[in-house]
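# Close look at the chain arrangement
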Amino acid sequence: MTTNPFGRVITAMVTPMHPDGSVDEAGVRAVVEHLVANGHDGIVVNGTTGEASTLTDDESIDVVRLAVEVAGGRAAITAGVGSNDTAHCIHMAGRVAEVGADALLLVSPYYNKPTQAGLVAHCRAVADSTELPIMLYDIPGRTGVEFTTQTLVELAEHPRIAAVKDAKADLWASSHVMAATDLLWFSGDDVLTLALLAQGAVGCVSVVGHVAGQEYAAMVAAADSGDLTTARSIHQRLIPAVDAIMTTSQGAIMAKAALVELGVIESAFVRLPLVESPPEHLEILRKGLAEAGLR
């Protein structure tokens, strides 16, 4: 299927919704097919960009089931099971495994702000409960809790903790962990994908990949071959799209709007507390996609 349990060119997929707020199953199918057809060998569902925090458990399971069915082995499906309740993470890990997920995404618990010892215990408890490989998700800007270097080195000893989605924006800390462990490293920040690939990341978990999958696949391939000139050229060409999607308002909002612009899904509806893009943001998006050669 893929060169590792997660794939290498991965997008954190939106969860398409109808204008009434219900999950759009046809839209889910369309996005999965679009990603697989455009350079992806992995997809993350029920992550931040998938609005996991406002999906019910049953909705989350349905999205995983649909993604597995549509991907049909052409891309690895990594299911987000993160929560600030360890027991709930374990429950969801079991449910997504039952519907065929290939791997798990586990974000650090948010709001209750555990100590690093608590974070280690949390991750080990989830890893002990499953046979699936786990990608840790380090995004302290959202959770308030980072995975420190020592914590990641300690967690790397667990046989099912295999990877990190790095959205911490600390390249030096990333270097330390990559040098000290065999963890598979993924850029979780489109702004830093080139930089992380250059220092040893194996791939990316992108948001802009919704519209630039082929470009990210080419960037990863160029970095693999040591052709940083080509990788840098792709990176620079994507700047307008990355700015439009990642800095105009919020990634899930803008990614859905971009998929509507490209005709992949019909509605850009997002659940509160998110709201859809106003006209001025859509103009920024259209300009960014055009300048990046993506439409």
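Residues numbered from 1 in each chain as written. Predicted model: local features only at pLDDT ≥ 70, side-chain atom pairs only at ≥ 80, totals over all residues. Heavy atoms only, no water.

Let us now look at helix α9 (residues 209–224). It helps to recall that an α-helix has 3.6 residues per turn; residues three or four apart then point in one direction. Counted at 1.5 Å a residue, the expected span for α9 with its 16 residues is 22 Å, but the 18 Å between its end C-alpha atoms falls short. Taking the largest bend as the criterion, α9 deviates by roughly 45°, centred on Glu215. Of all the positions in α9, only Gly209, His210, Val211, Ala212, Gly213, Glu215, Tyr216, Met219, Val220 and Ala222 are classed as buried. Backbone geometry just downstream of α9 places Gly226 in the positive-phi region, at approximately 80°. (Helix = DSSP H or I, 4+ residues; strand = E, 2+ residues; numbered from the N terminus. Expected span 1.5 Å × (residues − 1). Bend = angle between axes of the 7 residues up to and from the residue. Buried < 20%, exposed > 50% of the residue type's maximum accessible area, 1.4 Å probe, protein only.)

Once that is clear, we can look at the side chain of Thr78. Mapped onto the elements of the fold, Thr78 is located in strand β3 (residues 76–80). Using a relative accessible area of 0% as the deciding quantity, one classes Thr78 as buried. Once residues within four sequence positions are removed from consideration, Thr78 is found in contact with Phe6, Ile43, Val44, Val45, Ala103, Leu104 and Leu105. (Contact = heavy atoms within 4.5 Å.)

Burial within strand β4 (residues 103–107) is extensive, with 5 of its 5 residues counted as buried. Of the two faces of β4, the one holding Ala103, Leu105 and Val107 and the one holding Leu104 and Leu106 are both buried throughout. Taken together, the 3 bridges between β3 and β4 define a ladder with parallel strand orientation. Bridging across to β4, Thr78 finds its partner in Ala103. With 4 bridges connecting them, β4 and strand β5 (residues 134–138) associate as parallel partners. By the bridge assignment for β5, Leu105 is matched with Met135. (Pairing = 2+ DSSP bridges.)

Turning next to the pairing of strand β1 (residues 9–12). Because side chains alternate across β1, one face comprises the buried residues Val9 and Thr11, and the other comprises Ile10 and Ala12, equally buried. Taken together, the 3 bridges between β1 and strand β8 (residues 203–206) define a ladder with parallel strand orientation. Following the sheet pairing, Ile10 is matched in β8 by Val205. In this fold, β1 hands off to helix α1 (residues 25–36), which returns the chain to strand β2 (residues 42–45); that crossover is right-handed. (Right-handed = clockwise from strand over helix to strand, strands pointing away.)

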